[in-house]
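Coordinate inspection notes
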Amino acid sequence: MPYANMSPDGPYSGVSGCGPGRYSLTGTLQKALPLKDSIELAADALLEHDYVVGLTGAGMSVESGIRPFRGPGGIWTERGEPPLDDYRRFVLNPAAYWRELLSPQGIRHELQSSLESAEPHQGYHAMVELESLGVVKYIITQNIDGLHRKTGSKNVAELHGNHSLCRCVDCGARSDRVDVDTTVLPPRCGVCGGVMKDDVVVFGEPIPRDVGEICIEQTERADCMLLVGTSAYVYPAAGFPLRVAERGRTLVEIGPHPTEISDLCDIVVRGTAAAALPALSRAVAARLVFRSTSDENGKAK
Ligand SMILES: [Zn+2]
């Protein structure tokens, strides 16, 4: 289990020896490109690689009305960071944790309401399209809103869980939250009788083993990672693109602002997810149509 320790001190941290410019233009030149040209370059890159994995973060869902945790307008920035011992409090007293979770007041309720009312924007539909075209093979998301699944993306690893699910802390079985009986707290697992928790990974809680293993497997398989709206700031997700770069593979970033990982990226598209992803998906689809209707010299069949 060489990747079992998905912590800031684990093998996904401190990667060195990688840098920009492995792609067709050097990082500096490429980053000066207009949006349209960078989308064309990104479309070429997606089609030149065999196994593209998407990594999406808060910037993906912000245009669906979900407030980020940190940064401008962030819930935690405004209301203060939540307790860092959330998981310990759950372990010590799961019933009290559940009472807080079900309370109709407070920051948890506010967050849950915003998640329940969110609707996917066009960028989510573009990710579904890129998957159905056979280009994006898997999506790893740091978001808990479930919007990728709601839109129709099939291969999705929700690294930090899904707000609409509950998970058994013993056997890992998941159920829809609305189906979990909370008349007696804490609720119990229908499979093994263990204690259920909401599926959202809280501070101090290990990443669930099944999801963690998928993320590592997909990161190792990826020859290109498409980063969308992620600041690559929070581990373990931050380690995935670093690992891809360490293996000399390609990183494509989509986001309106420079991030900590931008300098490592081969292609940077400075646009929002809702604007840039549909344009990228159209550019990819147009190339596939051209390929299917042209011979190897680019002439019509
Ligand atoms: Zn169970």
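Residues numbered from 1 in each chain as written. Predicted model: local features only at pLDDT ≥ 70, side-chain atom pairs only at ≥ 80, totals over all residues.

Before going further, it helps to spend a moment on the nonpolar core. Ala-42, Ile-140, Met-225, Leu-227, Val-252 and Leu-280 are the most contacted members of the largest nonpolar core, which has 54 residues in total. Not counting chain neighbours up to four residues away, the residues in contact with Leu-280 comprise Ile-39, Ala-42, Ala-43 and Ala-126. (Core = buried A, V, L, I, M, F, W, Y, C linked by C-beta atoms within 7 Å. Buried ≥ 20, exposed ≤ 12 C-beta atoms within 10 Å, placed from the backbone. Contact = placed C-beta atoms within 7 Å.)

It is worth spelling out the sheet that holds strand 8 (residues 250-254) at this point. Within a beta sheet, neighbouring strands are joined by backbone hydrogen bonds and run either parallel or antiparallel to one another. With respect to topology, six strands assemble into an open sheet ordered 3-2-1-7-8-9, the strand pairing being parallel. A strand with exactly one partner marks an edge of an open sheet, and here the two such strands are strand 3 (156-158) and strand 9 (267-269). With strand direction ignored, the average angle separating the axes of adjacent strands in the sheet is 15°. Against the sheet, helix 10 (residues 209-221) makes contact with strand 1 (52-56), strand 2 (136-141) and strand 3, and its axis sits at roughly 130° relative to strand 3, the strand it touches most. (Pairing = 2+ DSSP bridges. Helix = DSSP H or I, 4+ residues; strand = E, 2+ residues; numbered from the N terminus. Axes fitted to C-alpha atoms, helices over the stretch in contact; angles between N-to-C directions.)

In this section: the environment of Arg-249. For Arg-249, the position within the fold is in the loop between helix 11 (239-246) and strand 8. Along the primary structure Arg-249 and His-49 are separated by 200 residues, whereas in three dimensions their C-alpha atoms are 9.4 Å apart. Not counting the four nearest positions on each side in its chain, Arg-249 is found in contact with Ala-222, Asp-223, Cys-224 and Val-244.

This paragraph deals with the packing of helix 8 (residues 122-132) against helix 12 (residues 273-293). For any two helices packed against each other, the geometry comes down to the angle between their axes and how far apart the axes lie. One can describe the packing of helix 8 onto helix 12 by two numbers: an axis separation of 7 Å at closest approach and a directional angle of 30°. When the interaxial angle is binned, helix 8 and helix 12 end up roughly parallel. Helix 8 and helix 12 meet at a crossing whose hand is left-handed. For the pair helix 8 and helix 12, contact is made by Gln-122, Gly-123, Ala-126, Met-127, Glu-129 and Leu-130 and by Ala-273, Ala-274, Leu-277, Pro-278, Leu-280, Ser-281 and Val-284, respectively. Among the residues making up the contact of helix 8 with helix 12, the classes are represented as nine nonpolar, three polar and one charged. (Parallel < 35°, antiparallel > 145°, perpendicular 65-115°, else oblique. Left-handed = near helix turned anticlockwise from the far one by under 90°. Nonpolar A, V, L, I, M, F, W, Y, C, P; charged D, E, K, R; others polar.)

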